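Below, each chain spelled out in residue letters.
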Amino acid sequence: MQLPFFYSFKSEWLKTRHSLSSWLTICGAFFIPLIVLFQRFYYAADSAAVNASSRVWQQLYTDNWEYMAVLLLPMGVILVSSLITQLEVKNNAWKLVHSTPQKLHIIFSAKLAVILVMLLQFFVLFNIGICLTALIPAVFNRHIPFPRQAFPMMAYLRGSGQFFIACLPIVALQYLLSLQFRNFLVPVGAGLGLLTASIIAVKWKYGYIIPYIYGTLKFIGKQPAAALYTLPLSYFCGFTIASWLLYYYKKQKD
Amino acid sequence: MYKPVHMSFCLETTKLTYRFTGQETALDNIHLQVPHGSIYGFLGPNGAGKTTTLKLVLGLLKKQQGHITIFGKPFEQHRVALLRQVGALIESPSLYSHLSARENLQVLQTIYRCPTQRIHEVLQLVGLANTGHKKAGQFSLGMKQRLAIAMTLLHRPALLILDEPTNGLDPNGIIEMRELLKAINREQGITILISSHLLPEIEKLATHIGIIHKGKLLFQDTLETLMRSTQQAPVLISTNNNTQSLQLLQAQGVHAAAENGHLLMQGVSKEKIALINRQLVLAGIDVYGIHAQHHDLEATFMDLINH
């Protein structure tokens, strides 16, 4: 069971080579840090003060996540989750995948695992990007000191982990939609619609029931306790099970 | 419990029936029998049910009625093990257009876990060993088709299922494809099930024929038997008086009709032709010529689907 999954995952990962989804993951991860970096060079005096302060890492974490959490991260997740299955649709390759000697649950879980690993890859690169926004100005501008504060590894890991969990319902629902609809616009349109609804509903008392809202709630830090882990993980499990059943019982697998 | 399975058949379907939602029956009781080591030409006009049959055989469509066995084993219960021995190309080639030929093969090599060296072997076999980093999306249709064939051969399958593999190929590409398929059948003993609506191609390639029309399998046997078993070749007679000759033939109970200044007779034996000739001469009619029309697969095919 484990070996077929490993080979299937490896095969799925090979397909992402030079693909739009992998470029989107890499470029998306460095997009905000790059803007912040330019900003820090431009306002060098402010950057010097921030690097010298004892809250440099918190400040950079907030600066970077501010733009990422509410809009760009969910949008990226919507696009990447849909693009992974679109690789098969666009290349007319579902029939190829389904005529290889792989059990259906292996195919399903390997594809989902690729999306999750890409999401992890995004978080790693994004955090590297944040670190570089602190270090690069200090390397190239002698008036900006290197950060005085030690890098708060655990705090960054915890924060990224919580954002990762906040993204899981989006991954699962987008995966479900993209497995069911061949037209790329359906999952992407539905995803962007739900994301817009979640941004509008952020002040609503019961906004936390919307599965796409958890990244925003995590960033503004006003979510009920259940919205941190329980609700997103429950949505993820629920959507994944529904997605698997719909995929398994699909009459036409080509 | 279903217990069919004639071991001499590489692939066998029994009472295979399929209906698309809200439509008439797409397949009606298909008994497909593909012998080991054969090149089985699965013929039929567009929309006859060829692709639907092949998709059911590969599990790409959910089976509604009937049984499918490959190498003597029921497909549903042994899907993964059987697919390991099958290479398939259904309709247009499935290639990852952003990957090179080698990378496309790597995707499958990882799943089949065959030696890496095999990638080079199949690329050479189909003449794509020098495509380098060129993306499959930039290939010509012929190259795409050849790469798709390479992908089906990568894991050394015992059964190859090809749905219209010559679609879109130029005449040279068609000849190359035919020679390649003949060679792998002859040299590696791979059974090939190939669907097509190109009758001359199948005639030159297949050892066995199945003819499907409107979801029904009309004929299935060797190509030789097909040519023998269908009605005798139509016979053309040229005379100096076709009207009188036609009356005489009809009086003899012969199915004949005037066509382009000749008389065309259907279903007459050699002995009957000699008798008719004598009677025409005795009736004072000059017989200029009697000859059987060449009965090729196309004529046989048209006979079958029209009657």
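What counts and how
Residues numbered from 1 in each chain as written. Chains lettered and ligands numbered in written order. Predicted model: local features only at pLDDT ≥ 70, side-chain atom pairs only at ≥ 80, totals over all residues. Heavy atoms only, no water. Helix = DSSP H or I, 4+ residues; strand = E, 2+ residues; numbered from the N terminus. Buried < 20%, exposed > 50% of the residue type's maximum accessible area, 1.4 Å probe, protein only. Contact = heavy atoms within 4.5 Å. Lys, Arg positive; Asp, Glu negative; His and termini not counted. Charge placed at Lys NZ, Arg CZ, Asp CG, Glu CD. Buried area = accessible area lost by both parts, 1.4 Å probe. Salt bridge = Lys/Arg side-chain N within 4 Å of Asp/Glu carboxyl O. Disulfide = S-S within 2.5 Å. Axes fitted to C-alpha atoms, helices over the stretch in contact; angles between N-to-C directions. Parallel < 35°, antiparallel > 145°, perpendicular 65-115°, else oblique. Left-handed = near helix turned anticlockwise from the far one by under 90°. Nonpolar A, V, L, I, M, F, W, Y, C, P; charged D, E, K, R; others polar. Pairing = 2+ DSSP bridges. Polar contact = N/O pair within 3.5 Å; in protein donor to acceptor, adjacent residues only side chain to side chain. Expected span 1.5 Å × (residues − 1). Bend = angle between axes of the 7 residues up to and from the residue. pLDDT = per-residue confidence, 0-100.

A tally of helices and strands in chain B yields eleven helices and 15 strands. A principal-axis box enclosing the C-alpha atoms of chain B has dimensions of 80 × 50 × 40 Å. The buried share of chain B, taken over its 307 residues, is 51%. Put simply, of all contacts in chain B between residues at least 6 apart along the chain, 68% involve residues at least 24 apart. Where the 28 positive side-chain charges of chain B centre and where its 23 negative ones centre are 10 Å apart.

This next bit is on the interface of chain B and chain A. As a measure of interface size, the accessible area lost when the parts come together is often cited. In this complex, chain B contributes 32 residues to the contact, which on the side of chain A involves 30 residues. Across the chain B to chain A interface the summed buried area is about 2900 Å²; carbon plus sulfur atoms make up 58%. When the buried area of chain B at its contact with chain A is split by residue, Leu60, Tyr96 and His98 of chain B rank highest and sum to 22% of it. Inspection of the region where chain B meets chain A yields two salt bridges. We note a salt bridge from glutamate 103 of chain B to arginine 17 of chain A, for which the minimum N-O separation is 3.0 Å. Broken down by secondary-structure element, the contributors of at least two residues to the side of chain B that touches chain A are α2 (79-83) and α3 (101-112) of chain B.

Another point: the state of the cysteines. As enumerated under the stated definition, the model contains zero disulfides over all chains in all. As a non-bridged cysteine, cysteine 131 of chain A has cysteine 167 of chain A as the owner of its nearest cysteine sulfur, 19 Å distant.

This next bit is on the packing of helix α4 (residues 117-125) of chain B against helix α5 (residues 141-153) of chain B. Residue and element names in this part refer to chain B. Orientation of α4 relative to α5, taken along the N-to-C sense of each, is 140°, at an axis distance of 9 Å. Compared by their axis directions, α4 and α5 come out oblique. Crossing hand, α4 versus α5: right-handed. Of the residues in α5, those touching α4 at Arg118, Val122, Leu123 and Leu125 are Leu147, Ala150 and Leu153. Its residues placed into classes, the contact of α4 with α5 shows six nonpolar, no polar and one charged.

So, on to the sheet that holds strand β7 (residues 86-89) of chain B. Within a beta sheet, neighbouring strands are joined by backbone hydrogen bonds and run either parallel or antiparallel to one another. All names here are of chain B. Across the sheet, six strands lie side by side as β7-β8-β9-β4-β10-β11; this open sheet has mixed pairing. Here the strands that pair on one side only, and so sit at the sheet edges, are β7 and β11 (216-222). Strand-to-strand, the axes of this sheet are offset by a mean angle of 10°, without reference to chain direction. Sheet topology places strand β4 (residues 39-43) next to strand β10 (residues 208-213); four bridges connect them, and they run parallel. Looking at the pairing, glycine 41 lines up with isoleucine 209 of β10. The strands touched by α5 within the sheet are β7 and β8 (159-163), with β7 carrying the most contacts at an inclination of about 160°.

With respect to the secondary-structure elements, asparagine 64 of chain A resides in helix α4 (residues 56-90). Separated by 2.8 Å, the side chain of asparagine 64 of chain A and the backbone oxygen of leucine 60 of chain A make a polar contact.

Residue and element names in this part refer to chain A. Look at helix α2 (residues 20-42): 32 Å from first C-alpha to last across 23 residues, which is about the 33 Å you get at 1.5 Å a residue. For α2, the principal kink sits at phenylalanine 31 and spans about 30°; a proline, proline 33, occurs within the next four residues. Among the residues making up α2, those that are buried are Ser21, Ser22, Thr25, Ala29, Ile32, Pro33, Val36, Leu37 and Arg40. Those residues of α2 hidden inside the fold are in contact with α3 (44-52), α4 and α6 (104-140).

The subject of this paragraph is the confidence of the model for chain B. All names here are of chain B. Counting all residues, the mean pLDDT for chain B is 88, and 93% of those residues have values of 70 or more. Across chain B, the element-wise mean pLDDT spans from 70 in helix α11 (residues 297-306) up to 96 in α3. Predicted confidence is poor over residues 1-6, with pLDDT under 50, and the contacts of this stretch with residues over four places away or in other chains come to eight contacts. If you check the scores for this complex, the pTM reads 0.85 and the ipTM reads 0.90.

Next up on the list: the side chain of histidine 208 of chain B. Residues and elements named next belong to chain B. Counting through the fold element by element, histidine 208 comes out in strand β10. Residue classification places histidine 208 among the buried residues on the basis of a relative accessible area of 18%. Reaching out from histidine 208, the side chain makes a polar contact with the side chain of threonine 207 at a distance of 2.9 Å. Contacts of histidine 208, omitting those with residues within four sequence positions, involve Pro35, Ser38, Ile39, Tyr40, Gly41, Asp221, Thr222 and Leu223.

This next bit is on the sheet that holds strand β12 (residues 235-239) of chain B. Residues and elements named next belong to chain B. Strand order across the open sheet formed by four strands is β13-β14-β12-β15, with antiparallel pairing between neighbours. Both outer strands of the open sheet, β13 (255-259) and β15 (287-292), are each paired with one neighbouring strand and no more. Ignoring strand direction, the axes of neighbouring strands in this sheet form an average angle of 20°. Judged from the three bridges that link them, β12 and strand β14 (residues 262-266) form a sheet pairing that is antiparallel. Residue pairing for β14: leucine 236 is matched across the bridge by leucine 264. Relative to the sheet, helix α9 (residues 242-251) contacts β12, β13 and β14, its axis offset from that of β14 by approximately 15°.

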